[in-house]
Structure formats: structure tokens, C-alpha cells
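# Reading the structure
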Amino acid sequence: MTALVAEAKSLLSELIRARSCNPPGDEAAPAAVLRNYLRHVGVDCTIHEARAGRANLSARIRGTGDGPSLLLLSHLDTVQADPAEWSVDPWAGLERDGSVWGRGALDLKGQAAAQAVAVASLVREGVHFDGDVVLAATADEERGSELGTRWLLEHRPEVLRADYALTHGAGDRMLLDQRAVYFCANAERANAGLTVTLTAPAGLSMLAGRPNVIAEAARLVSLVAGQHEGDTLLDEVAYVMRALTGTTRSPSEAAAAARKIHPALHTLLHPLTGATLTPAGIASFSAAGAPSVCSIDFECWLLPGQDRDEVEAVFGSAAAGLPHQVTWRPLRGGSRSPMSTPLWQAIETFVVQVDPGALLLPLCDAGFTDSHWLRESNGTVAYGFFPMREMTTLEAARAVHGADERMPLSDLALQVDFYRHVIMSVCAMNAA
Ligand SMILES: [Zn+2]
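Definitions and limits used
- Residues numbered from 1 in each chain as written.
- Predicted model: local features only at pLDDT ≥ 70, side-chain atom pairs only at ≥ 80, totals over all residues.
- Helix = DSSP H or I, 4+ residues; strand = E, 2+ residues; numbered from the N terminus.
- Rg over C-alpha atoms; globule rule 2.2 N^0.38 Å.
- Buried ≥ 20, exposed ≤ 12 C-beta atoms within 10 Å, placed from the backbone.
- Contact = placed C-beta atoms within 7 Å.
- Pairing = 2+ DSSP bridges.
- Axes fitted to C-alpha atoms, helices over the stretch in contact; angles between N-to-C directions.
- Domains from an automatic or database assignment.
- Nonpolar A, V, L, I, M, F, W, Y, C, P; charged D, E, K, R; others polar.
- Core = buried A, V, L, I, M, F, W, Y, C linked by C-beta atoms within 7 Å.
- Parallel < 35°, antiparallel > 145°, perpendicular 65-115°, else oblique.
- Left-handed = near helix turned anticlockwise from the far one by under 90°.

What follows deals with the overall build of the chain. The number of helices and strands found in the chain is 13 helices and 18 strands. For the chain, the C-alpha radius of gyration of 24 Å lies close to 22 Å, the compact-globule estimate for 432 residues. By its C-alpha atoms, the chain is 80 × 55 × 45 Å across when sized along the principal axes. Sorting the 432 residues of the chain into buried and exposed places 48% on the buried side. Here the contacts in the chain between residues at least 6 apart in sequence split such that 76% fall between residues at least 24 apart.

Looking now at the pairing of strand 3 (residues 70-75). Of all six residues making up strand 3, six are buried, and the element is well covered by its neighbours. Residues Leu70, Leu72 and Ser74 of strand 3 are buried on one face, and the alternating residues Leu71, Leu73 and His75, pointing to the opposite face, are buried as well. Here six bridges tie strand 3 to strand 6 (residues 133-138), and the two strands are oriented parallel to one another. Each bridged residue has a counterpart across the sheet, and for serine 74 the counterpart in strand 6 is alanine 137. Direction of pairing for strand 3 relative to strand 7 (residues 164-167): parallel, over a ladder of three bridges. Residue pairing in the sheet places leucine 70 in a bridge with tyrosine 164 of strand 7.

Right, let's talk about the sheet that holds strand 4 (residues 95-96) for a bit. Spatial ordering of the open sheet is given by 4-5-18, a layout of three strands whose pairing is antiparallel. Here the strands that pair on one side only, and so sit at the sheet edges, are strand 4 and strand 18 (406-408). Of the strands in this sheet, strand 5 (99-101) and strand 18 touch helix 13 (residues 409-427), which is tilted by about 70° from strand 18.

Split into domains, the chain comes out as domain 1 (3-176 + 334-427) and domain 2 (190-333). If you look at the interface, domain 1 gives 15 residues, while domain 2 gives 21 residues. For the side of domain 1 that touches domain 2, the secondary structure elements donating two or more residues are strand 8 (173-176), strand 16 (359-365) and helix 12 (393-399). Of the residues assigned to the side of domain 1 that touches domain 2, the class counts are ten nonpolar, four polar and one charged.

Judged by nonpolar contacts, the single largest core of 126 residues is most densely connected at Leu12, Leu70, Ala116, Val119, Cys184, Ile347 and Ile423. Other than its neighbours up to four places away in sequence, isoleucine 423 contacts Leu70, Ala118, Val119, Leu122 and Val133.

Here we come to the packing of helix 2 (residues 28-40) against helix 3 (residues 109-124). Contact geometry of helix 2 with helix 3 gives a least axis separation of 11 Å together with a crossing angle of 15°. With respect to helix 3, the axis of helix 2 lies roughly parallel. Between helix 2 and helix 3 lies a crossing of right-handed hand. The residues of helix 3 that touch helix 2, namely those facing Pro30, Leu34, Tyr37 and Leu38, are Lys109, Ala112, Ala116 and Ala120. By residue class, the composition of the contact of helix 2 with helix 3 is seven nonpolar, no polar and one charged.

Turning next to the environment of valine 117. Mapped onto the elements, valine 117 comes out in helix 3. Take valine 117: there are 27 C-beta atoms within 10 Å of it, and that puts it in the buried class. Excluding anything up to four places from it in sequence, valine 117 contacts Leu4, Glu7, Ala8, Leu11 and Val416.

Below, the discussion takes up the packing of helix 10 (residues 342-354) against helix 13. Their axes nearest at 9 Å, the elements helix 10 and helix 13 cross at an angle of 140°. Judged by the angle between their axes, helix 10 and helix 13 are oblique. In this structure, helix 10 meets helix 13 at a crossing whose hand is right-handed. Contact with helix 10, carried on its side by Pro342, Leu343, Ala346, Ile347, Phe350 and Val354, involves Leu414, Phe418, His421, Val422, Ser425 and Val426 of helix 13 and no other residues of that element. A per-class count over the contact of helix 10 with helix 13 returns ten nonpolar, two polar and no charged.

Here we take up unusual backbone geometry. In this structure, the amide linkage connecting asparagine 22 to the following residue, proline 23, adopts the cis form with an omega of 5°. For proline 23, the location among the structural elements is in the loop between helix 1 (3-17) and helix 2. Note that the residue after aspartate 107, namely leucine 108, is joined by a cis bond; omega there is 0°. As for its position among the elements, leucine 108 is in the loop between strand 5 and helix 3.

Further remarks concern the environment of arginine 60. Inspection of the secondary structure puts arginine 60 in strand 2 (residues 54-61). Here the alpha-carbon distance between arginine 60 and leucine 70, two residues ten residues apart in the chain, equals 9.7 Å. When near neighbours in sequence (up to four residues on either side) are disregarded, arginine 60 contacts Asp132 and Val134.

Here it is, written out as C-alpha cells:
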């Protein structure tokens, strides 16, 4: 183990021991750990508390101003853990079988540790930067970032300002048809809640032939819940299909081709064939002599740029016969960053260096992350990329928010190298 990996390992263990399950959050504890570590190498940081104990940490290492700035963003809160389901104490930060175990090891204290060690080591080596290097570890990501990234962008807009940003969302190695592939999340879907209200005219309820609003609602839910494949292929999916199969196809053909290549690829790409509708709640009202009303809440996920009319048309045909009304709540997300940037190039050169022959491919996140808020508020080019190769996509998916979450030390080493490479490529281009 190199000295830098040992440093990242002990920082990660300490961050895990500084328990910060959200709710309630308590990000002040891991923020203090990170601040002490950074202070040691002479990196000054600031803690911004949205509320008592809800700490956001930031540090900006000033460059000469001759190059682009880069933000490395992680979060300090974690989800809960039930120790009964774990084979080790989730908050001991133990090293076992070549991994650091504990809640937050993958999501996202490992990233916070790797980013901090990369920055600290370059500062210690006396590297000077053209553009600013910004390190931020925020609060409240697990519950929508209201007291974290979004709070900072609103109340301390200068803190996260950067030309480029790297956060989480993709980056694990997949083996597809014998070819190593890494995805980089450059776009995300948009989310909006909506309510469909069905109305059935007043009438005698004992007459079986009359429309019953609850029965109609049940029929509508079973017709519309799930994935709605559209006609147009999303740019990111078209790119992936061209790279892996040499041809682009319709959304449904792309989903079928992805399934043939690998089930995990299908899991990534299927949500990108169109809108997804998830039933989220239902309420009804019925009184003798009055129309009966049933309201169904849905979570709707749309592709970047997708028109809401397409979803309304789905309800139109499913509600055939009964009067219905669709009410939307505000749309969030749906942003995209271009691929032709020095940051993309830096990620690509790293991937090819550590994994010759590997491909870097764009991904639209099925949900959305803090990248969206950075793009929307500051116009930052933001990607989700956090490289992993030892743990498979499936293993990582099980451990994130699940039991026995752990970070292999070989991946931690890869991540420290990755952030050092990216910082040097983007922020020290002219200095080099
Ligand atoms: Zn999480």
C-alpha cells in the first residue's frame, strides 16, 4: 500500500466513525475530521452551517487565474444502517479483507476522502495551479440537498463557483462483450410530481353498470404505471449503441440490444427510452348525490427536453371515457453538459491509461444529482464519475444504502490517482 492510500484509508475510517446518518444529519462531525486533516497540510477550509450541526465544508486553492477552475464535490451525510443486518459494526471504520467497511464507505465518504487526499498531496508537493481547485463536502444530499448544495448555491453562491465539476453518479467498470466500459454521467432526467383527478358523475352506486371512479382509477394505474418507450433515441443512448453495436436503433430496439449485451446495461439504459411513471399515492371522495372524485399522485421522470404533452397523452388514452384532469408540480432536473470538454478528455485519458482498450461512454442519470443544481445555477460543466473496478456494479448497488457497505482499498487507490490526474490535467495545463 502506498503512503497516499494509507492516508486515504485512515481518513475514510475516521469519516465513517464520525456518524452522520440523515436524518438527523450531524455532518458537523465528519466536517471536523476533514477540516483537521486539511489543516495539517496547510489547506484552509470554511464550514458553512445551514442549520446548527448541518455542516458544509469548502476549500478553494487559488490558481493564477490563467486556466479553468475545477470543483470536486462529495457529500458527508449517509443513510441509516441497521447493525443487525451487518456482519461488522457499521460505524467502526474497520479494515477487513482489503476493504474499509462501514456506512458511507461508498456513498460518499470514500469519495470525500479520495478527493481530499488528492488535493492535499498536490498542495504538499508544491504544485501551482492555473485555475482554482475547489473541494466541497456538503450536507443533506440523501434528502434532496436542501441544506447542502442547494443551500450553498443560494446563500453562498461564490463557494461552489467553478468552470468544471466532478461528483458521483457513474464510473464503475463494466465488462460488456469482453470490453471494459466506464460510464460518465453528463446528463440527467427531469422529475415532476403530478396528480391525475378522475371524476364520475353522481348516480346510484348499487347499479353495477355505472362507472365507479375507484375501479376506473385502478384500471388507469395498471395501464400507465412503468416505462413509456418513446420514438426518439436520447443522444447519450445513441452514442452508447453506436460504440457497442456500430449502429443506432429505436428506443425499444436499443433496450432489447442492451439486455442481450448485459442485464446491467439494460438496467442503465431502459429508463432512458422515455418517461417513467410511478404511482405515489391515491385518495378518493364519494358522497350520495355528488360526483365521485379520485386523485392519483405519480412521480414522473422525463428525458432531458422531453415534452410533458407526451405524458398527458398517455393519461388521455388511459382515462378514456371518464373526465380527467392532470395537475403538474414544478419540474426539476433535466440538464446536460457537453462531452467536448477538457474534463471529459482528462477522464478519458485516465481510463485508457489504467485500463488499456477501455471505453468512456456518456450516461444520462435515470434520476438526478447535485450536478443538476451546479449546471442550473452556475452554468458549470458537471459530470458524475467516481471510478471503481474491483467491486462490480451489482455488488456496489447492493451495498450502497444496504448492509456491509465497503470500499476496496484498490479502488480507493484508483480514486486518489484519478483525482490527482484530473486536477493536473484541468487546472495545471499551462503550469505543467
Ligand atoms: Zn446515497
